[in-house]
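# Structural overview for review
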Amino acid sequence: NTEIKDCIHLTINGRLVVNGDLQIASDKHNDHNHNDHENCDYGGYNHHNHHYCHHGHHNDVINLTINNATSTPSGIMANGNLKFKNDLGNIRINGVVYSTDQLTIENVYMGQDFIINGGTASRKLTVTSSSRIINIVFNNQILVDSLSPASFSPVLTVEHWEEEY
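Quick caveat: nothing in here was measured; it's all calculated off a predicted structure. In every chain, residue numbers begin from 1 and rise along the written sequence. Reporting of local features is limited, given that this is a predicted model, to residues whose pLDDT is at least 70; pairs of side-chain atoms are given and counted only at 80 or more, and all residues count toward the totals for whole chains, interfaces and linings. Calculation of side-chain values draws on the structure's entire complement of heavy atoms; hydrogens and water are dropped beforehand.

## Some remarks on the packing of aromatic side chains
Within a pair of aromatic rings, the relevant descriptors are the distance that separates the centres and the angle that separates the planes. Rule in force here: Here is the rule: rings of Phe, Tyr and Trp (six-membered ring for Trp) pair when centre to centre is within 6.5 Å. Planes less than 30 degrees apart are stacked, more than 60 are edge-to-face, and the remainder are tilted. The helix and strand labels rest on DSSP assignments: H or I over at least four residues marks a helix, E over at least two residues marks a strand, and numbering proceeds from the N terminus. Buried means the residue's accessible area, taken with a 1.4 Å probe over protein chains only, is under 20% of the maximum for its type, while exposed means over 50%, and partly exposed covers the values in between.
This structure, assessed with the given rule, holds one aromatic pair. Arranged with centres 5.3 Å apart and planes meeting at 75°, the rings of Phe 84 and Phe 114 form a pair that is edge-to-face. In this pair, Phe 84 is assigned in strand β7 (residues 82-85) and Phe 114 in strand β10 (residues 114-121), connecting sequence segments 30 residues apart. Assigned by exposure class, Phe 84 and Phe 114 land together as buried.

## Considering the pairing of strand β5 (residues 62-67)
Basically, it comes down to this: Pairing between strands is defined by DSSP: at least two bridges between them are needed.
Two elements, strand β2 (residues 8-13) and β5, share six bridges in a ladder whose sense is parallel. Bridged to Thr 11 within β5 is Thr 65. Pairing of β5 with strand β8 (residues 91-99) involves three bridges; the strand directions are parallel. Bridged to Leu 64 within β8 is Ile 91.

## Observations concerning the environment of Ile 93
Quick reminder of the rule: We call two residues in contact when some of their heavy atoms are within 4.5 Å.
With respect to the helices and strands, Ile 93 occurs in strand β8. In the structure, Ile 93 is positioned 24 residues away from Asn 117 in sequence and 6.0 Å away in space, judged by C-alpha atoms. Excluding its chain neighbours within four sequence positions, the residues that come into contact with Ile 93 are Leu 64, Ile 66, Gly 75, Ile 76, Phe 84, Ile 115, Ile 116 and Asn 117.

## Examining the nonpolar core
Nonpolar side chains in soluble globular proteins tend to end up buried together. The following threshold applies: What makes a nonpolar core is a set of buried Ala, Val, Leu, Ile, Met, Phe, Trp, Tyr and Cys residues whose side-chain atoms join them at distances within 4.5 Å.
Ile 24, Leu 64, Ile 76, Phe 84 and Ile 93 are the most contacted members of the largest nonpolar core, which has 21 residues in total. Elements supplying a minimum of two residues to this core: β4 (22-25), β5, β6 (75-78), β7, β8, β9 (102-106) and β10. Excluding its chain neighbours within four sequence positions, the residues that come into contact with Ile 76 are Leu 16, Leu 22, Ile 24, Leu 64, Ile 66, Leu 82, Phe 84, Ile 93, Val 96, Val 97 and Tyr 98.

## Concerning the sheet that holds strand β1 (residues 2-4)
Our working definition: Here an axis means a line fitted to C-alpha atoms, over the contact stretch when the element is a helix, while the angle between two N-to-C directions is reported on a 0 to 180 degree scale.
Reading across the sheet, the five strands line up as β1-β4-β7-β9-β11 and stay open at both edges, with parallel pairing between neighbours. In this open sheet, the two strands that pair with only one neighbour each are β1 and β11 (124-128). On average, each strand axis in the sheet is tilted by 10° relative to the strand beside it, whichever way the strands run. Of the strand pairs in this sheet, β4 and β7 are connected by four bridges, and their pairing is parallel. Paired with Ala 25 across the strands is Lys 85, a residue of β7.

Below is the structure:
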């Protein structure tokens, strides 16, 4: 399992590939008391107590940017589950968000950007408890660049196979 946690400002030019589960989550706000007005700049609406509190301006959030160059693959790919969770900063993905199992977007309350320009592919997509606008914009060229088969794939020939117990 791979985790991307708090205090990260990550920019990827191309594709991030993880063999296993990937969780992009802000753990610092799991137990945050949203009724507490301390450290708030009142720049964004908070759904818990209907006061204005913008934790996205703090330095303990995750800001993720994935850039796409023409005719190159880009995005996030996980051979397992892929989860975006809790108070995140700006999530700007120009690419494919791909999971071989479940893609989850959960508890993303901040008023920052959450944009996927390209597309998503997974066995199951779940969006739960999100008061943030989540933009998923279909871009066929990015999908073709990121998911098209390779022009060459090596061939492995097994001449003898023997199992031992």
